[in-house]
Amino acid sequence: MKRKKLLVSIVLCLVLTTFSGGSVLNNLLSCLKQTVNGHPHIITRPNGGFFAIWYEVERIYPIPDMFVYEYRAFYQVLDEKGKTLIPKTELEFWKDDHYGVPAFDENSILFIDRNEVLIVARKMVHAFSNPPGYRLEKVLLDLTDDTVVRDSIKISFQRCSIVRDNAGNVYAAEVGYAWLHYAEIIQVKPHFGSVMKVIARYPREKFMKHYLDSEDNVITMTSQNDFLVAGRVHSINGEPVHNEPKGWSGLPNRVACFLVDTAGKEKIDSYEIDLAQAAFRRIPGVHMGIAGSGSSHEGFDFTGLPNGDIVLSVMGLTEDNAFCMYQVLFDSCGRLKKPEALEEVVPKQIPDDFSLPIMKIKRIITYHEYDPKTRKMPIDHGYVLFGFDKDGNYYEERMRWKEGDR
C-alpha cells in the first residue's frame, strides 16, 4: 500500500498548528478539516498523538441517468499538538461501490503498541437476506511501513467492542438485539477463534426487563480477564420498546450490567442500576454519542483508571430532563462500588502539556428540532477530548466539527 501524500494539506496543517494557538483539540480538528471529507473516528495513540480513520462517499455515473456510490476509506496520523505525522492515506483494499466500506467505530479499534493498530470491522455481504449477512474483517496495520495483515470470518456480528486480556489476547464481543439478553464473544488475535454465545437465564419477569440494544452498550475487560458489560435497559416490563413511554423508552437512567469470563461462564448475575443513585459524579451537558429529542444513543464509555478502578461514563438525564453524563465506579474485578453521594462537577481543563495518564476522544452528534421555515433539521457534529488524572478527576474539552467546513 503506497501513501498518497497531500503536500498542500501538510503545509496548511503546519501553519494552523503554529499560528492558531488554542487547545489541543482545536489544533487537531483544524488540521483534519484540511483533508477529511466526512466525519472521522479519532483514537488516541499510546504515549501521545492521534489516529484518525474515516470513509468518503462519492456518486459515480456508470451510464446516463444512473449512478452508484463509491466508498473509500482513509486514515491519518497526528502528534499530540495536531501536527501531521502520516498524511491522508487510502486503505485501497476497502474501496467498494456496492454495500459500502466495512463499519467501524472507536470501540472496534485498538492499538497493540504505539505503531500497530488493530481494526475489527463489520462488512455487509448479503444485503437482501433476512437478517442481512455480515462478516468480520480484521486489519492489522503497522504505521511504520504501511504493512497490512488482513483476515475475515463469516459471522453475523452487528456491532462489536474489542478488548485485550492480560496475556495480550484480543477479543471481540457484542450484546444481542431484541428480546435476547446475551453476549457473543470471539477471539480475534492472535487468530480468529470460535464464537461463544452467553445467554443469561432468568425467570421471565426478570429476564424480560433487560431489553438491551446493541448500540447502547459498552464492554471492557477486568483485571481478572472477565468481560464487564453495561447496556441501556429499553423496556420496563417486558413490552416492546415502541409500547414504552415516549422519550428514551421511558428509561434514560436505567442500565443493566453483567460479568462473564472468556469461556462464556457467568461470573456475576445481571443486575440493574439507576444512574442517579449508583453514580458518584454527574457532569452537565451532552458529552458523547448521538443525542436529540430527549434521547441518546452510543453515549457509553468504560475507562480504566491508574489505580485499577473502572469508570463507566454514560449519557443520561437530570431531574429536569436536561442532558448530563453520569460516572459510575467499579473495582478492578468489575464489581460495582456504591458511592457515598452524587457530586455534580464542572470538568477540569485539559493541560497544555497533554500530561494526563488517561486520554480519549469521542464523537458527539446532536439533532435539533425540525425547522419548518427552512425545512431542515440542524445537526451538530463535534468531538470531546477527555481524560482522568491519577486521582480520578475528570478533564474535558469539546469542539464542534462544522459540516461542510473544510
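Every chain begins its residue count from 1, and numbering advances along the sequence as written. Restriction of local features to residues with pLDDT of at least 70 applies here, the model being predicted, together with a cutoff of 80 or more for giving and counting side-chain atom pairs; totals for whole chains, interfaces and linings are based on all residues. Neither water nor hydrogens contribute to the side-chain values; these are computed over all heavy atoms in the structure.

J.: Outline the pattern of salt bridges, supporting the account with residue identities and numerical values.
T.: What makes a salt bridge here is a side-chain nitrogen of Lys or Arg within 4 Å of a carboxyl oxygen of Asp or Glu, nothing more. The final tally for this structure, using the stated rule, is 17 salt bridges. With its nearest N and O atoms 2.9 Å apart, the salt bridge here joins Glu 56 to Lys 88. Of the two residues, Glu 56 is situated in strand 2 (residues 50-60) and Lys 88 in strand 4 (residues 84-90); the sequence distance between them amounts to 32 residues. Only protein chains enter the calculation, and the probe is 1.4 Å; a residue is then buried if its accessible area is under 20% of its type maximum, exposed if over 50%, and partly exposed in between. Its relative accessible area of 12% is what places Lys 88 among the buried residues. Across the pair Glu 319 and Arg 282 runs a salt bridge, and its minimum N-O distance is 3.2 Å. In this description a helix means any DSSP run of H or I spanning at least four residues, a strand means any run of E spanning at least two, and both kinds are numbered starting from the N terminus.

J.: Mind laying out the layout of surface pockets, listing which residues take part and the relevant values?
T.: The method works on a 1 Å grid over the protein atoms by themselves. A cavity is a set of points holding a 1.4 Å probe that cannot get out, a pocket is an open set with protein on both sides within 12 Å along at least five of seven lines, and residues with an atom within 4 Å of a point line them. Grid points are joined across faces, edges and corners, and a volume is the space filled by probe spheres set on the points. In this model, the largest pocket occupies a volume close to 1200 Å³. Along the wall of the largest pocket there are 41 residues; nearest its centre are Leu 110, Phe 302, Thr 303, Gly 304 and Lys 360. Residue contributions to the lining of the largest pocket peak at five residues, all from strand 25 (residues 358-367). Basically, the charged four are Asp, Glu, Lys and Arg, the nonpolar ten are Ala, Val, Leu, Ile, Met, Phe, Trp, Tyr, Cys and Pro, and anything else, Gly included, counts as polar. Broken down by class, the residue content of the lining of the largest pocket amounts to 19 nonpolar, 14 polar and eight charged.

J.: Describe the nonpolar core, naming the residues involved and giving the relevant values.
T.: In this structure, Leu 28, Leu 32, Ile 42 and Leu 385 are the most contacted members of the largest nonpolar core, which totals 22 residues. Mapped onto this core, the elements with two or more residues apiece are helix 2 (24-32), strand 2, strand 3 (68-78), strand 25, strand 26 (379-388) and strand 27 (394-401). With six residues, helix 2 is the single largest residue contributor to this core. Whether two residues are in contact is decided by their heavy atoms: any pair within 4.5 Å suffices. Aside from chain neighbours lying at most four places away, what touches Leu 32 is Pro 40, Ile 42, Ala 52, Gln 76, Leu 78 and Trp 401. We define a nonpolar core as any set of buried Ala, Val, Leu, Ile, Met, Phe, Trp, Tyr and Cys residues linked to one another through side-chain atoms lying within 4.5 Å.

J.: Please provide a residue-by-residue account of the packing of aromatic side chains, values included.
T.: Classification of ring pairs uses Phe, Tyr and Trp, with its six-membered ring standing for Trp, and accepts pairs whose centres are within 6.5 Å; under 30 degrees between planes counts as stacked, over 60 as edge-to-face, and the remaining range as tilted. Per the counting criterion, the structure on display carries 11 aromatic pairs. Ring plane angle 25° and centroid distance 6.1 Å describe the contact between Trp 54 and Phe 74, whose orientation is recorded as stacked. Of this pair, Trp 54 sits in strand 2 while Phe 74 sits in strand 3, placing them 20 residues apart in sequence. Taken as a pair, Trp 54 and Phe 74 share a single burial class, namely buried. With 5.8 Å between their ring centres and 80° between their planes, Tyr 383 and Trp 401 make a pair best called edge-to-face. Here the residue Tyr 383 occupies a position in strand 26, and Trp 401 occupies one in strand 27, the gap between them amounting to 18 residues. With relative accessibility at 3%, the residue Trp 401 sits in the buried group. Clustering of aromatic rings is evident, with ring pairs tying together Phe 51, Tyr 75 and Phe 111. Lysine and arginine charges are scored as sitting over a ring when NZ or CZ, respectively, is within 6 Å of the ring centre and within 35 degrees of the ring normal. A cation over an aromatic ring shows up here: Lys 33 above the ring of Trp 401, its NZ or CZ 5.8 Å from the ring centre. Here the guanidinium or amino end of Lys 138 rests over the ring plane of Phe 192, the centre of that ring lying 4.8 Å away.

J.: So, the sheet that holds strand 26: which residues are in play, and what are the values?
T.: The five strands lie next to each other as 19-18-25-26-27, forming an open sheet whose pairing is mixed. Two strands close off the open sheet at either side, each with one partner strand: strand 19 (295-297) and strand 27. Between one strand axis and the next, the sheet turns through 25° on average, direction left out of account. An axis is simply a line fitted to the C-alpha atoms; with a helix, the fit covers only the stretch in contact. Between two such axes, the angle follows the N-to-C directions and lies from 0 to 180 degrees. Packed on one face of the sheet, helix 2 meets strand 25, strand 26 and strand 27 and runs near 30° to strand 27. Here the rule is simple: two strands pair whenever DSSP picks up at least two bridges between them.

Remember that the coordinates give geometry; whether it matters functionally is a separate question.
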